[in-house]
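Coordinates in review
Residues per chain are reported as follows:
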Amino acid sequence: MLVLITYDVNTESPDGKSRLRRVAKVCEDYGQRVQNSVFECLLDPTQLLFVKDKLLEIINEEQDSLRLYHLGDKYDRKIENFGAKSSYDPQKPLIF
């Protein structure tokens with residue numbers, strides 16, 4: 001299923017900046033960054049639980065926010081892309 005992960009980490013302290021880097025790293029390991037704090041992640045149910053648990057261990061729930069949008073398996077009809085950044089197909093291999 002495609003899951004959209006968004007976050008807002010308070011970076012006013014050195015600890016907040018560290019949390020921001022750690023949250024981004026977890027998201028990069030499982031998905032594609034589509035905007036600064038927005039990732040599209042193609043996950044199975046087990047991966048979703050694992051990623052969510054990892055992110056909840058990192059964030060400070062009193063200062064930060066984390067949102068997960070479950071777009072499901074038929075996500076291709078739910079996404080429209082406009083502007084400078086081109087869209088990609090998360091089921092195709094990424095070539096670096």
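Provided above is the structure to which this section pertains.
Everything in this summary refers to the structure shown in the same document.

How each quantity is defined
- Residues numbered from 1 in each chain as written.
- Predicted model: local features only at pLDDT ≥ 70, side-chain atom pairs only at ≥ 80, totals over all residues.
- Heavy atoms only, no water.
- Helix = DSSP H or I, 4+ residues; strand = E, 2+ residues; numbered from the N terminus.
- Polar contact = N/O pair within 3.5 Å; in protein donor to acceptor, adjacent residues only side chain to side chain.
- Contact = heavy atoms within 4.5 Å.
- Pairing = 2+ DSSP bridges.
- Axes fitted to C-alpha atoms, helices over the stretch in contact; angles between N-to-C directions.

Turning our attention to the side chain of Asp64. Relative to the helices and strands, Asp64 is located in the loop between α2 (45-58) and β4 (65-72). A distance of 2.9 Å separates the side chain of Asp64 from the backbone nitrogen of Asn10, its partner in a polar contact. Dropping the residues within four chain positions of it, Asp64 is found in contact with Asp8, Val9, Asn10, Arg19 and Ile59.

Strand order in the open sheet formed by four strands is β2-β3-β1-β4, and the pairing between neighbours is antiparallel. With one partner strand each, in any of the chains shown, β2 (32-35) and β4 form the two edges of the open sheet. Along the sheet, successive strands turn relative to each other by an average axial angle of 25 degrees, direction set aside. For strand β1 (residues 2-8) and β4, the ladder comprises seven bridges, and the chain directions are antiparallel. Note on β4: the bridge partner recorded for Leu4 is Tyr69. Of the strands in this sheet, β1, β2 and β3 (38-42) touch helix α1 (residues 14-30), which is tilted by about 35 degrees from β3. Seen against the sheet, α2 touches β1, β3 and β4 and runs at an angle of roughly 170 degrees to β4.

It is worth stressing that arrangement in space is one thing and function is another; only the former is reported here.
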